[in-house]
Amino acid sequence: MARAKEKSAFVCQECGADFPKWAGRCSECGAWNSLAEIKLPSGSSHQNTASATGYAGGGPQITILSEVRISDTPRESTGLDELDRVLGGGLVPGSVVLIGGDPGIGKSTLLLQTLLTLQANMPCLYVTGEESLQQVALRAQRLGVDLAGKEGQLTLMSETSVESILAHCARQLPRLLVVDSIQTLHTEGLTAAPGSVSQLREGTAQLVRFAKRHDVTIFIVGHVTKEGALAGPRVLEHMVDTVLYFEGDPSARFRVIRAVKNRFGAANEIGVFGMTDRGLKPVSNPSAIFLSRHEQPVAGSVITVTREGTRPLLVEVQALVAEHPGGNPRRLTVGLEQNRLAMLLAVLHRHGQIALYDQDVFLNVVGGVRVTETAADLPSLLAVLSSFRNRPLPDGLIVFGEVGLAGEIRPVSGGQERLAEAAKHGFTHAIIPKANMPGRPIDGLTITAVSHLNQALDLL
Ligand code: TYD
Ligand code: MG
């Protein structure tokens, strides 16, 4: 008997679009060499691959918007308030959270801590495909858990077959399931190796479908590649409700978790933890830790207030400008976008008449935090200039503002909050965009508003 031919599809690992044929370039997003072959389970067609995401529901049915029942199940606190913050206020029943990060950064530790807290009020299950049960127990011991007590009652499972895991869950119905990690799982319908694109996609699809059908919250651990993206296709990010990333490197003192995507809260929200000998501890006042107050003002250092998610955060931007012999000077950033620096230097040249084409420029955000918003433009330029001229900026100064290509200083969101955060930490002087000037004065803070780069440069 002739075996039915195995069907395959080609999925773009950048945008998740799928095609029946291979091509060198994704016609959806334009990425080169991003199509990877996936084997579809036998009997599967493109159509039921789409419904595998679990949102397709049962038979076709039409509902009127106002008649949709909105259940207001309260969110469950994870016991770690910084984790609750990135989740948008706690766990949402039936949601699927993907959590990525470098090896050794603390993914397993964070989830084990969460399970140990929550298992007192709801049935929880920890599925480990990566470590032995003994390793998990040793970690719990390290966290200071009394294994003879209530926390020792947590249920564990060492299993890598998605079908077996879900079959067990259908019987026991945990309210919270942790899968550590998706790269170790395999589904039985596919012959591909665990960790391959097709296994990741199918395994995640099954977990998502299960979560939606049974209202189970699932945490999925995912590894990241060298470039910092989740290993495997970006489609995983599309399939889940929330994507959290551990930022920075495992050797840093503090761990920052960012919500890259969140259907139930603000994207870009960050949570800050310190790794101690008893696991991760939330840092409740992160502004204080990213600031390193210098004994004396140093050249090239500027404090800014960034707003990642909904919380204002004080961070220090440091620049070093050094003469570069020969052509091709370097522009290097850590924690900021490199292309943005090149653009800012062009604006400084054109509108501020300060040329740095014979200088190397290095820019760093202290403390390993990554700044993704444009409010760091003006502080970055002032830090560069301060280093170039070897002239420190005055103590107690904070700066924020976006710099436009015409040299104009543009407003940023949440100006009032940023100023309030600066005043709270004892800053006395602020340089901000004119359009961010608050209506009422802020106690203890002298504010200078600028509308063009030249005005800001004149101030120094
Ligand atoms: P782990 O949580 O296993 O990271 P991941 O699952 O992301 O690979 O490991 C976290 C690191 O933190 C590991 O190197 C050991 C360390 N650690 C502590 O410093 N204190 C602790 O209490 C624990 C449990 C781990
Ligand atoms: Mg781990």
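Structure: above.
The structure presented is a predicted model; accordingly, all values stated were derived computationally and were not measured. (Residues numbered from 1 in each chain as written. Chains lettered and ligands numbered in written order. Predicted model: local features only at pLDDT ≥ 70, side-chain atom pairs only at ≥ 80, totals over all residues. Heavy atoms only, no water.)

A. Representation of the site of ligand 1. Not every one of the 16 residues close to ligand 1 is listed here, only the nearest: Gly-104, Ser-108, Thr-109, Arg-139 and Gly-279. Contacts to ligand 1 include Lys-107, whose backbone N or O atom sits 2.8 Å from an oxygen atom. In isolation ligand 1 has 560 Å² of accessible area, and contact with the protein removes 78% of it. Listing elements by their share of the shell around ligand 1, those giving two or more residues are α3 (107–118), α4 (133–142) and β11 (270–276). Here the element with the most residues in the shell around ligand 1 is α3; it accounts for three residues. (Near = heavy atom within 4 Å. Polar contact = N/O pair within 3.5 Å; in protein donor to acceptor, adjacent residues only side chain to side chain. Areas by Shrake-Rupley, 256 points an atom, 1.4 Å probe, with all protein chains shown as cover. Helix = DSSP H or I, 4+ residues; strand = E, 2+ residues; numbered from the N terminus.)

B. Examining helix α10 (residues 377–389) more closely. Here α10 contains 13 residues, and its C-alpha end-to-end distance of 18 Å stays within 8% of the 18 Å for a straight helix at 1.5 Å per residue. When you tally the buried positions in α10, you get eleven out of 13 residues, the bulk of the element. Residues of α10 that are buried: Asp-377, Leu-378, Pro-379, Ser-380, Leu-381, Leu-382, Ala-383, Val-384, Leu-385, Ser-386 and Ser-387. Phi for Asn-390, located one or two positions after α10, is positive at around 55 degrees. (Expected span 1.5 Å × (residues − 1). Buried < 20%, exposed > 50% of the residue type's maximum accessible area, 1.4 Å probe, protein only.)

C. Representation of the sheet that holds β11. Ordered by their spatial adjacency, nine strands build an open sheet running β6-β5-β7-β8-β4-β9-β10-β11-β12, and the pairing between neighbours is mixed. Each edge of the open sheet is held by one strand with a lone partner, namely β6 (155–157) and β12 (279–282). Across the sheet, the axes of successive neighbouring strands diverge by a mean angle of 25 degrees, strand direction being ignored. For strand β4 (residues 96–101) and strand β8 (residues 217–223), the ladder comprises six bridges, and the chain directions are parallel. Bridge pairing in β8 links Leu-98 to Ile-220. (Pairing = 2+ DSSP bridges. Axes fitted to C-alpha atoms, helices over the stretch in contact; angles between N-to-C directions.)

D. Representation of the pattern of salt bridges in the model. The final tally for this structure, using the stated rule, is 14 salt bridges. Across the pair Glu-308 and Arg-258 runs a salt bridge whose closest N-O atoms are separated by 2.6 Å. Taken together, the residues span a long stretch of sequence, with Glu-308 in strand β13 (residues 301–308) and Arg-258 in strand β10 (residues 254–262) at a distance of 50 residues. Of the two residues, Glu-308 and Arg-258, both sit in the buried class. A single network of salt bridges, built from pairs that share partners, joins Glu-247, Arg-258, Glu-308 and Arg-370. (Salt bridge = Lys/Arg side-chain N within 4 Å of Asp/Glu carboxyl O.)

E. Here's a closer look at the pairing of β11. With respect to burial, β11 is a largely interior element, five of its seven residues being buried. Note that β10 and β11 share five bridges and pair antiparallel. Bridged to Arg-258 within β11 is Ile-270. Once β11 ends, the chain turns through two residues before running back antiparallel as β12.

F. View of a nonpolar patch on the surface. A surface patch of nonpolar side chains, about 380 Å² in accessible area, is lined by Leu-65, Val-68 and Ile-70. Structurally, Val-68 is set in the loop between α1 (46–50) and α2 (81–87). Relative accessible area serves as the criterion here: at 45%, Val-68 is assigned to the partly exposed category. (Patch = residues over 30% accessible without salt bridge, like charges linked within 9 Å, V, L, I, M, F, W, Y side chains within 5 Å.)

G. Representation of the environment of Ser-284 in the model. With respect to the element layout, Ser-284 can be found in the loop between β12 and α8 (286–290). Taking C-alpha positions, Ser-284 is 34 Å from Val-235, a pair spaced 49 residues apart along the chain.

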